[in-house]
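Analysis of the macromolecular model
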Amino acid sequence: MPECPSCEDEVDELHVVKIHGKKRKLCEDCLEVAQEEAEIAEMSEDAIRDMMGYKGSW
Ligand SMILES: [Zn+2]
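Treat the numbers as computed from the prediction; the structure is a model and nothing was measured.

A few points about the environment of Asp29
Of note, Asp29 is situated in helix α1 (residues 28-55). According to the relative accessible area criterion, Asp29 is exposed, its value standing at 58%. In the structure, Asp29 is positioned 18 residues away from Val11 in sequence and 10 Å away in space, judged by C-alpha atoms.

What about the coordination of the zinc ion?
The protein atoms that coordinate the zinc ion are Cys4 (SG), Cys7 (SG), Cys27 (SG) and Cys30 (SG), at distances spanning 2.2 to 2.3 Å. Taken together, the four donor atoms surrounding the zinc ion define angles of 106 to 113° at the centre, an arrangement classified as tetrahedral. As a motif over one chain, the donors of the zinc ion read C-x2-C-x19-C-x2-C. With Cys4 in the segment before β1 (15-19) and Cys27 in the loop between β2 (22-26) and α1, this pair connects stretches of sequence that are 23 residues apart. Just as Cys4 is buried, Cys27 falls in that class too.

Some remarks on the nonpolar core
If you look at soluble globular proteins, the nonpolar side chains tend to sit buried side by side. Formed by Cys4, Val11, Val17, Ile19, Leu26, Cys27, Cys30, Leu31, Ala34 and Ala38, the largest nonpolar core amounts to 10 residues. Listed by contribution, the elements that provide at least two residues to this core are β1 and α1. Sorting elements by how many residues they give to this core places α1 first, with four residues. Look past the residues within four positions of Ala34 in its chain and what remains in contact with it is Ile19 and Leu26.

Calculation notes
- Residues numbered from 1 in each chain as written.
- Predicted model: local features only at pLDDT ≥ 70, side-chain atom pairs only at ≥ 80, totals over all residues.
- Heavy atoms only, no water.
- Helix = DSSP H or I, 4+ residues; strand = E, 2+ residues; numbered from the N terminus.
- Buried < 20%, exposed > 50% of the residue type's maximum accessible area, 1.4 Å probe, protein only.
- Donors = N, O, S within 2.8 Å, 3.2 Å for Na, K, Ca; no water.
- Tetrahedral: all angles 85-135°; square planar, octahedral: opposite > 155°, others 65-115°.
- Core = buried A, V, L, I, M, F, W, Y, C linked by side-chain atoms within 4.5 Å.
- Contact = heavy atoms within 4.5 Å.

Here it is, written out as structure tokens:
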């Protein structure tokens, strides 16, 4: 059985997920967490960009 490199649990299968352009193999649980973290990171980058953009128009 494959072992998840993140939580070190043995799982039926590992899923390949791309995070920040890097491919990682994770179990289903870690995959969800990693995807959420990646989404939050992208959202906060957008939020910072928006703040910078609005600054000039005030
Ligand atoms: Zn895992």
